[in-house]
Amino acid sequence: MDMSAYPLELPEGDRPMVRFMNVTKSYGTLTVLDNLDLDVAEGEMVTVIGPSGSGKTTVLRMLMTLETINGGVIYVDGKPLTHMERDGRLVPANERYLREMRASIGMCFQHFNLFPHMTALQNCMEGPVQVLRLPKAEARDRAEELLSMVGMIEKKDQHPSRLSGGQQQRVAIARALAMRPKVMLFDEVTSALDPEVIGEVTTVIRKLVAEHNLTMLMVTHQMGFARDISDRVCFFYSGKIEEQGPPDQLFGNPQRERTRQFLSAVKDAG
Amino acid sequence: MPIWEFLETYGWRILGGAVVTAEQFILAALVAITVALLAGLGKLSGNWLIRGTAVVYIELFRGTSLLVQLYWIFFVLPLFGITLDKFTAGFLSVGLNIGAYGAELVRGAIRSVPKGQWEAAYALSMSPAKRMRRIILPQALAIMLPSWGNLLIELLKGTALVSLISVADLMFEAKQINASTFLSAEAFGTALVVYYILARFLVTPFMRGLERAMARRLGRT
Amino acid sequence: MRFDWIWEFTAEILPRLLAATLNTLIAAGVGYAIAVVLGLVLALAQRTPWTPLTKVVREFVEFIRSTPLVLQIFFVFYVGPQFGIRLSPWTAGMIAIGLHYSAYLSEVYRAGIEAVPRGQWESCRALNLSTRDTYLRIIIPQALPPSVAGMGNYLIGIFKDTPMLSVIGVAELMHTANAIGSEHYRFLEPYTLVGVIFLAISLPAAGFVRIFEGWVRRKLGL
């Protein structure tokens, strides 16, 4: 792969928080993402929608380095995510560099993935203590503050098995925020929830958008929610961005036929 | 002595031992399967005498060692008037020991056949015996077959102990050759490899084939 | 000969058998300690990204598991001297039985680790935990409870396999019973007592393993 087309670092003045440059991902002969270009500005909330299999979750998983990429480069805060500079060229990054870069990204999952053998509080302290090496007391203060923010402080000493799905997801959001990421990824965080508890999770995300200057990327099936809080919506179709724009434009006046078809199918189902 | 020379000299004895091991394996397996079915079904029986007998057998043989059972059957049973030749005592002990573990497999598999199957057979007013034989056991067999694969490997390994009551199996020949030549690495090493071949390239593929055949019969392929 | 249980003889040999029981328990304990540690090494070696190593270890585990323990005991005991290494019966026995059961325990660990949902690994990655912390703090604590039953059963299994050590002269229960039998030409009492002692230990132990498993589960909040 010719890496010379990619800068070692993005220049000052052209430094979005996240930039996908020509990113390709394939499994064998199946191409999941096809030469993706996508910028996310600092503090921007970008929502990714699209039919299943369109590659939208893969976008987040690559950013979290849960998936390797087959081509192109992802830049986070101007620096390449999975590549590092050696002798003036970009080469695949080693584990140490990856860990350093990963520190700026946090992620919440569809199935929460809380650690079942730890309480809500311990879940939120695990990263800060073990990775950031914060003193226990400081990590505890930070965790309690975040658990209050998501409305889970009363349940801080409960194990995940004693919490509802909505409560677990709120703890998972607090756990990710405790690492003070610059970019937060939400991967279908409401998809596994019962309808009546979806609201308690979306409320927390709304609050994050309103009160914090976090850069966020979200994959969701909840079109109403996406329309409400996004700065920009990207519609993915078979590994490419078919259409993107401000939510009112994309939902109110979609330009592409496939977008219209998808939106009307979703509306019929909902 | 180079290994090929060793094999040239002792190969036939080792092969003869392997044949005895194979015989012990087959006979012990037949014993194990029979008693496992009897005790496994017995433990589910409504009759307390049958159930009690099955439980005592299972716990007795799972709670003690195969070697203890072998010695007891070969050396102590004659005092009760039951004298077995060493060959019979050998495969019988191994079979009874593994059968106790197999009984638990049978019981577990029967109990994991979905309740609806019992009810459906009941609704067809099948007799209990027919229901067990035609509906429940075939499904239970498919469930427990993979575990039987492992158990039969244990059984094969168990047959090595019959050498200790002088049945001339593979283990016995290896010991004899070692005692007369002191070529321990060659004698025991060859025996290890032969056991490995028997387990990995005969028993396991056979059981896999059986699993596949079973799955086909149940229309699960 | 006919059946005639002699109680005086029983009383006479019981202390000797009970003393040997201690040796049996020590053998099982030491063998198990080796197996627990070595088993973990074998399990983790199979998770390294270096394929040649994982393949060799996998094959080694299969080999150990499909060949008889008694033959492995002979092998370890007799092959050493051929190359000038003399091992005492105890050392050889502990190596053989520890190695044998480490193969089984590695499978228990492997199954336990594989049972931890993939999402847990992904969470660790998202929180940037190191590989060491991921295993020690997240994966192994969750892999443990489902492994406890298997680990306990193999502890009982190793205990029941210790009589095989008698073949190279480790003075455990079976060896002592054999000695008593050939000294007095009586096998009924010693062999029966050995059976009873094994039952008296392994049956309660099996119950204890079940209770312990439940306790570990609760302790970890699972």
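Cut-off values and rules
- Residues numbered from 1 in each chain as written.
- Chains lettered and ligands numbered in written order.
- Predicted model: local features only at pLDDT ≥ 70, side-chain atom pairs only at ≥ 80, totals over all residues.
- Contact = placed C-beta atoms within 7 Å.
- Axes fitted to C-alpha atoms, helices over the stretch in contact; angles between N-to-C directions.
- Helix = DSSP H or I, 4+ residues; strand = E, 2+ residues; numbered from the N terminus.
- Parallel < 35°, antiparallel > 145°, perpendicular 65-115°, else oblique.
- Nonpolar A, V, L, I, M, F, W, Y, C, P; charged D, E, K, R; others polar.
- Core = buried A, V, L, I, M, F, W, Y, C linked by C-beta atoms within 7 Å.
- Buried ≥ 20, exposed ≤ 12 C-beta atoms within 10 Å, placed from the backbone.
- Pairing = 2+ DSSP bridges.
- Left-handed = near helix turned anticlockwise from the far one by under 90°.

## Some details on the arrangement of the chains
Okay, so step 1: Between all 2 pairs of chains that are in contact, chains B and C come out with the most contacts.
Okay, so step 2: The two units chain A and chain B remain apart, with a minimum C-alpha distance of 26 Å.

## Some remarks on the packing of helix α1 (residues 7-45) of chain C against helix α7 (residues 173-184) of chain C
Residue and element names in this part refer to chain C.
Okay, so step 1: Running from N to C, α1 and α7 cross one another at 155°; their axes reach a closest spacing of 8 Å. The orientation of α1 relative to α7 falls into the category roughly antiparallel. Touching I13, R16, L17, A20, T21 and T24 of α1 are L173, T176, A177 and I180, all from α7.
Okay, so step 2: Within the contact of α1 with α7, the residues separate by chemical class into 6 nonpolar, 3 polar and 1 charged.

## Concerning the nonpolar core
Okay, so step 1: Grouped together as the largest cluster of nonpolar side chains are 199 residues, with contacts concentrated most on A191(B) and I73(C).
Okay, so step 2: Ignoring any residue separated from it by four or fewer positions in sequence, one finds A191(B) in contact with I14(B), L170(B), M171(B), A174(B) and L71(C).

## Digging into the sheet that holds strand β4 (residues 71-76) of chain A
Residue and element names in this part refer to chain A.
Okay, so step 1: The sheet built from 4 strands is open, its strands ordered β2-β1-β4-β5 with antiparallel pairing. Looking at which strands have only one partner, the edges of the open sheet turn out to be β2 (30-40) and β5 (79-80).
Okay, so step 2: Note: strand β1 (residues 18-27) against β4, 5 bridges, orientation antiparallel. Among the inter-strand pairings, M21 is bridged to a residue of β4, identified as V73.
Okay, so step 3: Of the strands in this sheet, β1, β2 and β4 touch helix α1 (residues 56-63), which is tilted by about 115° from β1.

## Focus on the packing of helix α2 (residues 51-65) of chain C against helix α4 (residues 89-115) of chain C
Residues and elements named next belong to chain C.
Okay, so step 1: Contact geometry of α2 with α4 gives a least axis separation of 9 Å together with a crossing angle of 120°. In terms of orientation, α2 lies oblique with respect to α4. When the axes of α2 and α4 are compared, the crossing they make is left-handed. Along its contact with α2, which presents V61, I64 and R65, the element α4 presents L99, H100, A103, Y104 and S106.
Okay, so step 2: Split by residue class, the contact of α2 with α4 holds 5 nonpolar, 2 polar and 1 charged.

## With respect to the interface of chain A and chain C
Okay, so step 1: Each side of the interface is counted separately: chain A has 22 residues, and chain C has 17 residues.
Okay, so step 2: Mapped by element, the contributors of at least two residues to the side of chain A that touches chain C are α2 (95-102), β8 (105-108) and α3 (120-130) of chain A.
Okay, so step 3: Of the residues forming the side of chain A that touches chain C, the biggest block, 3 residues, is contributed by α3(A).
Okay, so step 4: The residue inventory of the side of chain A that touches chain C, partitioned by class, reads 10 nonpolar, 9 polar and 3 charged.

## Description of the interface of chain C and chain B
Okay, so step 1: At the junction of the two partners, chain C supplies 32 residues and chain B supplies 32 residues.
Okay, so step 2: Sorting the residues of the side of chain C that touches chain B by element identifies α2, α3 (69-82), α6 (131-161) and α8 (188-219) of chain C as the ones contributing at least two each.
Okay, so step 3: A per-element tally of the side of chain C that touches chain B places α8(C) first, with 9 residues.
Okay, so step 4: Taken together, the residues that form the side of chain C that touches chain B break down as 22 nonpolar, 6 polar and 4 charged.

## Focus: the pairing of strand β11 (residues 232-237) of chain A
Residue and element names in this part refer to chain A.
Okay, so step 1: Bridge count between strand β3 (residues 45-49) and β11: 4 bridges; the pairing is parallel. Of the residues in β11, the one forming a bridge with V48 is C234.
Okay, so step 2: Strand direction decides the pairing type here: β11 and strand β12 (residues 240-245), joined by 5 bridges, are antiparallel. When the bridges of β12 are listed, F235 appears paired with E243.
Okay, so step 3: Hairpin connection from β11 to β12: 2 residues lie between these consecutive antiparallel strands, with S238 at a positive phi of about 40°.

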